[in-house]
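Here are the chains, one letter per residue:
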Amino acid sequence: MKRPGLSRNALKSLDVDQAAAGAPPDRRAKDIAELITVDEEALRTIAEVFAGTSLPKDPRKVRSLLKLRGEVTEAWSQARNAFVQIGRALNDLDSELTRDERDRLRLGFQQLFPFSETVASQFRQIALAVDEGRLPLEVLPGSYGTAYQLALLKPAELEEAQLRGLLRADVTRNAVIQFRREVLAVARHRPVGLDRNRLLAEMRRIEADRRRLVEQLLKLRLRRRQISAILTGEGE
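Residues numbered from 1 in each chain as written. Predicted model: local features only at pLDDT ≥ 70, side-chain atom pairs only at ≥ 80, totals over all residues. Heavy atoms only, no water.

Right, let's talk about the pattern of salt bridges for a bit. Under the definition given, this model contains 14 salt bridges. Salt-bridge contacts for Arg211 lead to Glu207; the nearest nitrogen and oxygen are separated by 3.8 Å. With Arg211 and Glu207 both in helix H11 (residues 196-235) and four residues apart, the pair spans about one turn of that helix. Residue class for Arg211 comes out partly exposed when judged on its relative accessible area of 46%. Taking relative accessible area as the criterion, Glu207 reaches 31% and is therefore assigned partly exposed. Through salt bridges with shared partners, a single ionic network connects Asp94, Arg106, Glu117 and Arg124. (Salt bridge = Lys/Arg side-chain N within 4 Å of Asp/Glu carboxyl O. Helix = DSSP H or I, 4+ residues; strand = E, 2+ residues; numbered from the N terminus. Buried < 20%, exposed > 50% of the residue type's maximum accessible area, 1.4 Å probe, protein only.)

Below is the structure:
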């Protein structure tokens, strides 16, 4: 379903109708026409969100919304780049330290840095997912908590997340957590992995056990008949 918006044709028609009536073109229509060239998708969203109000026809308010949107997007992008860079720096440092040094760093992390080791661990995981190519930087959310939830997904799970439209910068943490819960629920009810050789070996063991049981059953049946014959003979 097409979202409500202001099309260029509608604006042109507005100007033509006003000119025919002898009135000067509506300045608001011209202003909004200029805004459309800036971000049509954002304008359509504004028209949808504020449907039934006069805001979409108010160039000043529309400009304010677009300006704020641009500033928030830029800040969001900077935040994303910041925690990825921090994660990379932490991973680089870890590669230079000994195991004992890494352990000591984690224990005293908050004495050296303005955030906890738990947060640092999330930064590391996010940076690793980006650098390994599992998570494209451009779809990474600006919230490190949300980005971390995506970084926990395996490649196959990330493919499914992409099909569901969850790999995008504005995805919410709750949406990703809900997806992870569904993935874990499915994993609990399916085999961990298909090992053909192991399954074939198990099949051979089952078949050997079946043959032994059949042989044992035949022996039991024979013995039963023997006992029955003996008992019948005594009765005579």
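This part is about helix H3 (residues 40-49). Looking only at H3, the buried set comprises Ala42, Leu43, Ile46 and Ala47. Each buried residue of H3 sits inside an arc of 140 degrees when the element is viewed along its axis, so together they form one side. (Arc of directions from axis to C-beta.)

Right, let's talk about the packing of aromatic side chains for a bit. Tallied over the entire structure, the rule returns seven aromatic pairs. Note on Phe83 and Tyr144: the rings are 6.4 Å apart at their centroids and 70 degrees apart in plane angle, and the pair reads as edge-to-face. Placement of the pair is Phe83 in helix H4 (residues 59-96) and Tyr144 in helix H8 (residues 144-151), with a sequence separation of 61 residues. The partly exposed category is assigned to Tyr144, whose relative accessible area is 33%. Three or more aromatic residues link up through ring pairs in this structure, and these residues are Phe83, Phe109, Phe113, Phe115, Phe123 and Tyr144. (Phe/Tyr/Trp six-rings, centres within 6.5 Å; stacked < 30°, edge-to-face > 60°.)

Turning our eyes to something else, we now look at the confidence of the model for the protein. Overall, the predicted model of the protein reaches an average pLDDT of 80, with 78% of residues at or above 70. The low-confidence segment residues 1-25 (pLDDT under 50) makes 28 contacts with residues lying over four places distant or belonging to another chain. (pLDDT = per-residue confidence, 0-100. Contact = heavy atoms within 4.5 Å.)

This paragraph deals with helix H7 (residues 117-131). Spanning 15 residues, H7 covers 21 Å between terminal C-alpha atoms, matching the ideal 21 Å at 1.5 Å per step. Of the residues making up H7, those classed as buried are Glu117, Val119, Ala120, Gln122, Phe123, Arg124, Ile126, Ala127, Ala129 and Val130. Close packing links the buried residues of H7 with H4, helix H5 (99-107), helix H6 (109-112) and H8. Phi turns positive one or two residues past the end of H7, at Gly133, with a value near 85 degrees. (Expected span 1.5 Å × (residues − 1).)

Our focus in this paragraph is the layout of surface pockets. By rolling a water-sized probe across the atoms, one finds the places where empty space is left. As a volume, the largest pocket reaches approximately 450 Å³. Taken together, 21 residues make up the lining of the largest pocket; nearest its centre are Leu68, Arg69, Val72, Thr73 and Asp170. Going through the elements one at a time, H3 and H4 are the ones with two or more residues in the lining of the largest pocket. Broken down by element, the residue count for the lining of the largest pocket peaks at nine residues, all from H4. Its residues placed into classes, the lining of the largest pocket shows 12 nonpolar, four polar and five charged. (1 Å grid on protein atoms, 1.4 Å probe; cavity = no way out; pocket = protein on both sides within 12 Å on 5 of 7 lines; lining within 4 Å. Points joined across faces, edges and corners; volume = space filled by probe spheres on them. Nonpolar A, V, L, I, M, F, W, Y, C, P; charged D, E, K, R; others polar.)

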